[in-house]
Amino acid sequence: MTNTTALRQQLYQDMSPLNLTPLWAVLHALVPPQPASPCVPALWEYEQIKPFLKRAGEAISAEEAVRRVLILENPALRGQSAITQSLYAGLQLILPGEVAPSHRHTQSALRFIVEGTGAYTAVAGERTTMHPGDFIITPSWTWHDHGNEAAEPVVWLDGLDIPMIRFFDAGFAQNDTAKSQTVARAEGSSFARYGHNMAPVRGDPPFGATSPIFSYPYERSREALHQLECNAPVDAWDGVKLRYINPATGGSPMPTMATFMQRLPAGFDGKAWRQTDGAVYSVVEGAGTAYIDGPTGSVRFDFEARDHFVVPSWQALRLASTGGCVLFSYSDRPVHQALGIHKEERLP
Ligand code: 1HN
């Protein structure tokens, strides 16, 4: 051992009991030249998952579970209930006749309906009926419960900012006194008030940072994408892609998560792009292929309707579809934008 090495080792050892660590040993990893996410790309095929959802339905009731959900964990983050460093994803099942009891928490949630029709979710006193492809939000600290008064099981994707709120140590939660909330407004009231490029003339309740619309029906988003596919130029990277907005601000429906719906026309063979916000995808209709290029190599995911996949931060994604498809996705982009650190690169 050289003198210097010995000197340093002794320094590290002697100061360690005082919880001191030399920066120069970790500086490179702390400020990498570009994002080096510990997350890996991953695909969850619905065909493979569905039997386990079914078995979960036999193993526990929605009420006992509170929320009967199979968490989609990033293979590189097992045990952390995280699909990216900042986001959570899970598939929730509710069977006919079941109720998932009312509660609220500071974590924001989104629901994206994957299979089945007729369950409802209630948010702050208003119910909305679920249909495949609908996008529903549960803003931070709003009471919410779910129920299924229809004849078939309903499965949806839950997207939450759980790891982010955990990072900030800012999580609070409460159970409601009643299992289901009392309905305070007729179904469709929020959409009638804010879902048509119009708003009430006076007496807006304070919505804060979240959208006054809490259900964005698939029928509407699908129609918009169809119109644009037929009548407007198709983007070489995205196909036809729209973002969901808070109509009161033009920003994302909730402050921590952005959501998107896109259509890849039949024969689409897209260019690659990358962004700092890792994203979770839910395949709505059709089939296609995602090519993801990252520091640990390249993967190819052949996806079908109801499959889910995750693209980590700063890994290049290229999408293709022979027969055409529709994709829903969400990411933590609004937080990157609020912090001024969002970066996107479209590769040639
Ligand atoms: C939650 O409240 C729901 O309300 C779903 O359906 C998933 C995961 C962690 C914490 C709360 C729901 C959740 C959750």
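Residues numbered from 1 in each chain as written. Predicted model: local features only at pLDDT ≥ 70, side-chain atom pairs only at ≥ 80, totals over all residues. Heavy atoms only, no water.

> Which parts of the structure should I look at to understand a nonpolar patch on the surface?
Nonpolar side chains collect at one region of the surface, where Leu-23, Val-26, Leu-27, Leu-30 and Val-31 lie side by side and expose about 450 Å² of accessible area between them. The topology assignment puts Val-26 in the loop between helix H1 (3-15) and helix H2 (27-30). Of the residues examined, Val-26 reaches a relative accessible area of 35% and is grouped as partly exposed. (Patch = residues over 30% accessible without salt bridge, like charges linked within 9 Å, V, L, I, M, F, W, Y side chains within 5 Å. Areas by Shrake-Rupley, 256 points an atom, 1.4 Å probe, with all protein chains shown as cover. Salt bridge = Lys/Arg side-chain N within 4 Å of Asp/Glu carboxyl O. Helix = DSSP H or I, 4+ residues; strand = E, 2+ residues; numbered from the N terminus. Buried < 20%, exposed > 50% of the residue type's maximum accessible area, 1.4 Å probe, protein only.)

> Explain the nonpolar core to me, please; I cannot follow it from the model alone.
Nonpolar side chains in soluble globular proteins tend to be buried together. Ranked by internal contacts, the top residues of the largest apolar core, which has 47 residues, are Ile-83, Leu-91, Met-261, Phe-328 and Tyr-330. Sequence-distant contacts of Phe-328, that is, excluding residues within four places in its chain, are made with Leu-110, Phe-112, Phe-135, Tyr-244, Thr-259, Phe-260, Met-261, Val-280, Tyr-281, Ser-282 and Val-284. With 17 residues, the next largest nonpolar core counts Trp-273, Val-283, Ile-292 and Leu-317 among its residues. (Core = buried A, V, L, I, M, F, W, Y, C linked by side-chain atoms within 4.5 Å. Contact = heavy atoms within 4.5 Å.)

> What's the story with the site of the ligand in this structure? I'm lost.
Around the ligand sit Arg-67, Tyr-88, Gln-92, His-103, His-105, Arg-111, His-144, His-146, Asp-158, Leu-160 and Ile-162, and those are all the residues in its vicinity. Residue Arg-111 places a side-chain N or O atom 3.0 Å away from an oxygen atom belonging to the ligand. Computed on the free molecule, the ligand has an accessible area of 330 Å², of which 84% lies beneath the protein chains in the complex. Going through the elements one at a time, strand S3 (88-94), strand S4 (99-105), strand S9 (144-148) and strand S10 (154-160) are the ones with two or more residues in the shell around the ligand. Of the residues assigned to the shell around the ligand, the class counts are three nonpolar, five polar and three charged. (Near = heavy atom within 4 Å. Polar contact = N/O pair within 3.5 Å; in protein donor to acceptor, adjacent residues only side chain to side chain. Nonpolar A, V, L, I, M, F, W, Y, C, P; charged D, E, K, R; others polar.)

> How should the sheet that holds strand S22 (residues 325-331) be read in this particular structure?
By definition, the strands of a sheet pair up through backbone hydrogen bonds, in either a parallel or an antiparallel sense. Judged by pairing direction, the sheet is antiparallel, and its six strands sit side by side in the order S1-S20-S17-S22-S14-S13 without closing on themselves. The outermost strands of the open sheet, each flanked by one partner alone, are strand S1 (42-44) and strand S13 (240-243). Along the sheet, successive strands turn relative to each other by an average axial angle of 20°, direction set aside. Sheet topology note: the strand S17 (residues 279-286)/S22 ladder contains seven bridges and is antiparallel. When the bridges of S22 are listed, Ala-279 appears paired with Ser-331. (Pairing = 2+ DSSP bridges. Axes fitted to C-alpha atoms, helices over the stretch in contact; angles between N-to-C directions.)

> What exactly am I supposed to notice about the packing of aromatic side chains here?
One pair of aromatic rings is described through two measures. These are the centre distance and the angle between the planes. What the rule picks out here adds up to eleven aromatic pairs. With a centroid separation of 4.0 Å and 10° between ring planes, the pair formed by Phe-112 and Phe-328 is classed as stacked. In this pair, Phe-112 is assigned in strand S5 (residues 109-115) and Phe-328 in strand S22, connecting sequence segments 216 residues apart. The same class applies to Phe-112 as to Phe-328, namely buried. Consider the rings of Phe-303 and Phe-309, whose centres lie 5.3 Å apart with planes at 20°: the pair is stacked. Each of the two residues, Phe-303 as well as Phe-309, counts as buried. Here a set of aromatic residues connected by ring pairs shows up, and it is made of Phe-112, Phe-135, Tyr-216, Tyr-244 and Phe-328. The ring of Tyr-120 has Arg-127 lying over it, and the distance from NZ or CZ to the ring centre is 3.8 Å. Across from the ring centre of Phe-260, 4.8 Å away, lies the NZ or CZ of Lys-241, which sits over that ring. (Phe/Tyr/Trp six-rings, centres within 6.5 Å; stacked < 30°, edge-to-face > 60°. Lys NZ or Arg CZ within 6 Å of the ring centre and 35° of its normal.)

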